[in-house]
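# A closer look at the structure
So you can see what is in the structure, the chains are spelled out below.
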Amino acid sequence: MYPLRRNRRLRSNDAIRRLVRETVLTPNDFLVPLFVVEGKGIREEIPSMPNYFRLSLDQLEKETKELWNMGLCAVLLFVKVPDNLKDNKGVEALNAEGLMQRGIKTVKNACPDMLVMTDVALDPYSSYGHDGIVADGRIANDETVEVLAEMSVSHARAGADFVAPSDMMDGRILAIREALEEEGLPDTGIMSYSAKYASAFYGPFRDALDSAPVDVQNVPKDKKTYQMDPANRFEALTETQMDIDEGADIVMVKPGLCYLDIVREIRNEVDVPVAVYQVSGEYAMLKAAAGKGWLDHDAVMMEQLIAIKRAGANIIASYFAKDAVKLMG
């Protein structure tokens, strides 16, 4: 007796596969990370991130227009701060004419409708490479939170649509939300890095911004006291719910592929949009393997992105955004 149900009927050709496909990527799914540097005419490839660049403000303007014309509608800004402007308190982060603030204005002037999100953490500004203020051999949580709140207000005043605290300090979402409200900036959103793990996949990013922790006496040598333990699952749910309760509009899981179980857990539990950051190490590994001819770059890239969305991501921050959209036609 033949089976009444033959599942392969729904896979028999491309047309039927497209018709019944459950997960579909579009340009609207992507948040594009951009690295900004001082100078002019700079489009500098990052050695550990092939075909990805640090951009001076004039090049940022060009990139913004290109992204918009491709159908990409949101960017996430990071800045590479000159060493002479770094300290242990993030003073430059509050400069109304700082690189981040000028970067926000550059994007908005180039394309007013582009959604601008900004990184909020002290590591680009820190002489120690940490996301917070270093005091007595530890990261000072509450003092750091005060600076992060001021930093968020500065970004919002410059025109940021969303601030994205990536620091993992306790209580910073509430402090930022209250600061924005008190300063008459209630429409500025918060995308919180809620489940950010102490991952080994961040190396190329830290190269891009020169923001790795420094190895000096009485300074933590890693970020494990504030980023999450990769072995923990339920902690991610706790962190995420706390951020929502404190006022986060969007929550994020970082990194991506190794944490898709966490993405699904969070997606099942919360009623706000969930973002996933496909991080620099994930990007670099595929570029390296494809460069050796060991993997089909485009096929693996799209499979990874589909997996992230299938797991429950509403938003994917990815260095592959432009490559993926080009394949979409």
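See the structure above.
Structure report, in brief. (Residues numbered from 1 in each chain as written. Predicted model: local features only at pLDDT ≥ 70, side-chain atom pairs only at ≥ 80, totals over all residues. Heavy atoms only, no water.)

## Remarks on the overall build of the protein chain
Along the protein chain, the regular secondary structure elements total 11 helices and 12 strands. Relative to the globule expectation of 20 Å for 329 residues, the C-alpha radius of gyration of the protein chain, 20 Å, shows essentially globular dimensions. If one aligns the C-alpha atoms of the protein chain with their principal axes, the spans along those axes are about 75 × 45 × 40 Å. Counting across all 329 residues of the protein chain, residues that qualify as buried make up 55%. Restricting to contacts in the protein chain with at least 6 residues of sequence separation, those with at least 24 account for 73%. Carbon together with sulfur atoms contributes 49% to the accessible area of the protein chain, which is approximately 15200 Å² in total. Averaging the coordinates of the 38 positive side-chain charges in the protein chain and doing the same for the 51 negative ones gives two points 10 Å apart. (Helix = DSSP H or I, 4+ residues; strand = E, 2+ residues; numbered from the N terminus. Rg over C-alpha atoms; globule rule 2.2 N^0.38 Å. Buried < 20%, exposed > 50% of the residue type's maximum accessible area, 1.4 Å probe, protein only. Contact = heavy atoms within 4.5 Å. Areas by Shrake-Rupley, 256 points an atom, 1.4 Å probe, with all protein chains shown as cover. Lys, Arg positive; Asp, Glu negative; His and termini not counted. Charge placed at Lys NZ, Arg CZ, Asp CG, Glu CD.)

## A look at a positive patch on the surface
Together, Arg5, Arg6, Arg8, Arg9 and Arg11 line one region of the surface with positive charge. Tracing the chain through its elements places Arg5 in the segment before α1 (14–19). (Patch = residues over 30% accessible without salt bridge, like charges linked within 9 Å, V, L, I, M, F, W, Y side chains within 5 Å. Salt bridge = Lys/Arg side-chain N within 4 Å of Asp/Glu carboxyl O.)

## Some details on the pairing of strand β1 (residues 30–36)
With 7 of its 7 residues buried, β1 lies for the most part within the structure. What you see with β1 is no split at all: Phe30, Val32, Leu34 and Val36 on one side and Leu31, Pro33 and Phe35 on the other are buried throughout. Sheet analysis places β1 next to strand β12 (residues 315–318), joined by 2 bridges and oriented parallel. When the sheet's bridge partners are listed, Leu31 is paired in β12 with Ala317. The sheet contact formed by β1 and strand β4 (residues 74–79) spans 5 bridges and is parallel. For Val32, the partnering residue across the bridge sits in β4 and is Val75. Note: β1 against strand β3 (residues 49–55), 2 bridges, orientation parallel. Residue Phe35 lies in a different strand from β3, and its bridge partner there is Arg54. (Pairing = 2+ DSSP bridges.)

## Here we look at the side chain of Lys254
The topology assignment puts Lys254 in strand β10 (residues 250–254). Ignoring any residue separated from it by four or fewer positions in sequence, one finds Lys254 in contact with Tyr193, Ala195, Lys196, Tyr197, Tyr202, Tyr277 and Val279.

## Details of the environment of Phe205
When you line up the elements, Phe205 lands in helix α6 (residues 203–209). Overall, the relative accessible area of 10% leaves Phe205 in the buried class. With residues up to four places along the chain from it excluded, the contact list for Phe205 reads Phe35, Met49, Phe78, Ser211, Tyr277, Ser280 and Tyr319.

## Quick word on helix α9 (residues 280–291)
With 12 residues, α9 extends 16 Å from end C-alpha to end C-alpha; this agrees with the ideal 16 Å at 1.5 Å per step. Those residues of α9 that sit buried are Ser280, Gly281, Glu282, Tyr283, Ala284, Leu286, Lys287 and Ala289. On the buried face of α9, the contacting elements are β3, α6, β11 (274–278), α10 (297–311) and α11 (321–328). Directly beyond the C-terminal end of α9, a positive phi value near 80° is found at Gly293. (Expected span 1.5 Å × (residues − 1).)

## Some remarks on empty space enclosed by the protein
As enumerated under the stated definition, the model contains 4 cavities of 30 Å³ or more in all. Approximately 110 Å³ is the volume attributed to the largest cavity. Together, 16 residues line the largest cavity, and Asp123, Lys196, Phe205, Lys223 and Lys254 are the ones closest to its centre. Only β9 (189–196) and α6 provide two or more residues apiece to the lining of the largest cavity. For the lining of the largest cavity, the leading source of residues is α6, giving 3 residues. Looking at side-chain class alone, the lining of the largest cavity contains 6 nonpolar, 3 polar and 7 charged residues. (1 Å grid on protein atoms, 1.4 Å probe; cavity = no way out; pocket = protein on both sides within 12 Å on 5 of 7 lines; lining within 4 Å. Points joined across faces, edges and corners; volume = space filled by probe spheres on them. Nonpolar A, V, L, I, M, F, W, Y, C, P; charged D, E, K, R; others polar.)

## Let's talk about a negative patch on the surface
Residues Asp142, Glu143, Glu146, Glu150 and Asp170 make up a contiguous surface patch of negative charge. One can find Asp142 in helix α4 (residues 141–158). Judged by its relative accessible area of 52%, Asp142 falls in the exposed class.

## Quick word on a nonpolar patch on the surface
A cluster of nonpolar side chains, namely Leu10, Leu19 and Val20, defines an oily patch on the protein surface of about 290 Å² accessible area. With respect to the secondary-structure elements, Val20 resides in the loop between α1 and β1. Judged by relative accessible area, which is 38%, Val20 ranks as partly exposed.

## Notes on the nonpolar core
With 106 residues, the main nonpolar core has Phe30, Leu34, Phe35, Val75, Leu77, Met191 and Tyr277 as its most contacted residues. Not counting residues within four places of it along the chain, the set of residues in contact with Leu77 comprises Leu34, Val36, Leu60, Met100, Gly103, Ile104, Val107, Val116, Met117, Thr118 and Asp119. (Core = buried A, V, L, I, M, F, W, Y, C linked by side-chain atoms within 4.5 Å.)

## Let's talk about the packing of aromatic side chains
This structure, assessed with the given rule, holds 13 aromatic pairs. In this structure an aromatic cluster arises from ring pairing among Phe35, Tyr52, Phe78, Tyr193, Phe205, Tyr277, Tyr283, Tyr319 and Phe320. Just above the ring of Phe53 sits the side chain of Arg43; from NZ or CZ to the centre is 4.3 Å. One Lys or Arg, Lys254, reaches over the ring of Tyr202 and ends 4.9 Å from the middle of that ring. (Phe/Tyr/Trp six-rings, centres within 6.5 Å; stacked < 30°, edge-to-face > 60°. Lys NZ or Arg CZ within 6 Å of the ring centre and 35° of its normal.)

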